[in-house]
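# Structural overview
Listed below are the residues making up each chain.
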Amino acid sequence: MARPSNILTRIARPVIDFALPSRCPACGEIVDGDDRFCLGCWQQLDHLDQGCMQCGDPGIALADSESLCGACLADPPAFDTMRAAVRYGEVARTIALRLKYGGRVGLARTIAAAMQRHMTGFDDALLVPVPLHRGRLWRRGYNQAALIARALAGENRARLGLETLIRTRATPYLRAMSAKDRAKTVRGAFAVDDGHRAAIEGRRVILVDDVYTSGATTNTCAKALKRGGAAQVHVRCWARVSMVDDDIY
Ligand SMILES: [Zn+2]
Ligand SMILES: [Zn+2]
């Protein structure tokens with residue numbers, strides 16, 4: 001039979017090992033600093049710096065010298081620009097799910113660090129997260145987009161508007177819906193809170209989300225912010241699905 005001290009060691013060691021060294025947030029390998037990926041996972045991430053000037057889609061052929069995709073030329077979204085840190089893929093998805101459902105709230109810092117390169121020139125802006133409906137917020141305990149916005153505010157001079165945008169009603173998950181149905185489902189589901197109108201009047205807003213898929217939610221939020229008086233709306237998020245990757249679900 002194992003001596004009590006051995007039993008204690010066996011129980012305590014995994015906890016100590018996990019708590020002390022920094023680990024890659026995707027695969028768990030030990031890395032040499034907080035909020036960092038191991039080299040293998042970092043290389044698997046597709047860091048996005050090119051794409052449509054407006055919607056940021058990296059996978060679509062661009063239509064003209066202004067670098068807008070055909071979809072933005074035909075039906076421009078309500079937001080002015082959209083930039084994601086990485087393309088939605090295996091590692092990006094793991095991180096997004098661990099933050100959203102796995103309670104790994106510290107990942108908001110890792111995500112914000114990766115989003116930082118798309119944050120220059122926004123010192124005067126207001127950071128506004130895509131809100132969760134209060135029922136979902138109550139069940140999950142936190143809004144992942146708000147955590148990312150807060151982490152970004154810590155690194156930038158932009159102010160934080162956690163309560164600027166509200167959800168006026170709950171909406172079902174959009175995953176299995178067509179683009180048209182998604183847009184219809186979220187129409188009018190967001191509004192600027194009356195008490196926060198003065199804070200966005202004539203200002204540039206950075207709308208923060210974790211994952212951008214069809215853009216239905218972000219576009220509806222951007223419409224609400226512009227209707228509420230925002231001068232510009234710039235969407236910033238962790239991972240973006242390209243329209244050519246739509247089968248990723
Ligand atoms: Zn890794
Ligand atoms: Zn576009």
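Residues numbered from 1 in each chain as written. Chains lettered and ligands numbered in written order. Predicted model: local features only at pLDDT ≥ 70, side-chain atom pairs only at ≥ 80, totals over all residues. Heavy atoms only, no water.

## Some points on the coordination of the zinc ion (ligand 2)
Protein ligation of the zinc ion (ligand 2) involves Cys52 (SG), Cys55 (SG), Cys69 (SG) and Cys72 (SG), the donor distances falling in the range 2.3 Å. In this structure, the zinc ion (ligand 2) is coordinated by four donor atoms arranged in tetrahedral fashion, with angles at the metal of 105 to 114°. Written as a sequence motif, the donor residues of the zinc ion (ligand 2) are C-x2-C-x13-C-x2-C. Pair noted here: Cys55 is in the loop between α2 (39-44) and α3 (70-74) and Cys69 is in the loop between α2 and α3, with a separation of 14 residues, a long-range link. Both residues of the pair, Cys55 and Cys69, belong to the buried class. (Donors = N, O, S within 2.8 Å, 3.2 Å for Na, K, Ca; no water. Tetrahedral: all angles 85-135°; square planar, octahedral: opposite > 155°, others 65-115°. Helix = DSSP H or I, 4+ residues; strand = E, 2+ residues; numbered from the N terminus. Buried < 20%, exposed > 50% of the residue type's maximum accessible area, 1.4 Å probe, protein only.)

## Focus: helix α10 (residues 216-227)
Along an α-helix, residues three or four positions apart point the same way, because every turn accommodates 3.6 residues. Taking 1.5 Å of rise per residue, the 12 residues of α10 would be expected to cover 16 Å, and the 17 Å separating its terminal C-alpha atoms lies within 8% of that figure. Buried residues dominate α10, accounting for nine of its 12 residues. Along α10, the residues classified as buried are Ala216, Thr217, Thr218, Asn219, Thr220, Cys221, Ala222, Ala224 and Leu225. Contacts from the buried residues of α10 go to β6 (165-167), α8 (179-186), β7 (190-192), α9 (197-200), β8 (204-212) and β9 (232-240). Where α10 terminates, the next one or two residues include Gly229, which has phi positive at roughly 115°. (Expected span 1.5 Å × (residues − 1). Contact = heavy atoms within 4.5 Å.)

## Examining α8
Taken as a whole, α8 has its buried residues at Arg182, Thr185 and Val186. When α8 is viewed along its axis, its buried side chains cluster within an angular range of 85° and face the same direction. Summarising the geometry of α8, the exposed residues directed more than 90 degrees from the buried face are Lys180 and Lys184. Of the surrounding secondary structure, the elements contacted by the buried residues of α8 are β7 and α10. Immediately downstream of α8, the backbone of Gly188 shows phi near 70°, a positive value. (Arc of directions from axis to C-beta.)

## Structural notes on the coordination of the zinc ion (ligand 1)
Summarising the metal site, the zinc ion (ligand 1) is bound by the protein donors Cys24 (SG), Cys27 (SG), Cys38 (SG) and Cys41 (SG), whose distances to it range over 2.3 to 2.4 Å. Coordination at the zinc ion (ligand 1) is tetrahedral: its four donor atoms span angles of 103 to 115° at the metal. Mapping the donors of the zinc ion (ligand 1) onto the primary sequence yields the spacing C-x2-C-x10-C-x2-C. Here Cys38 lies in the loop between β2 (30-31) and α2 and Cys24 lies in the loop between β1 (22-23) and β2, a separation of 14 residues in the sequence. In this pair, the class of Cys24 matches that of Cys38, namely buried.

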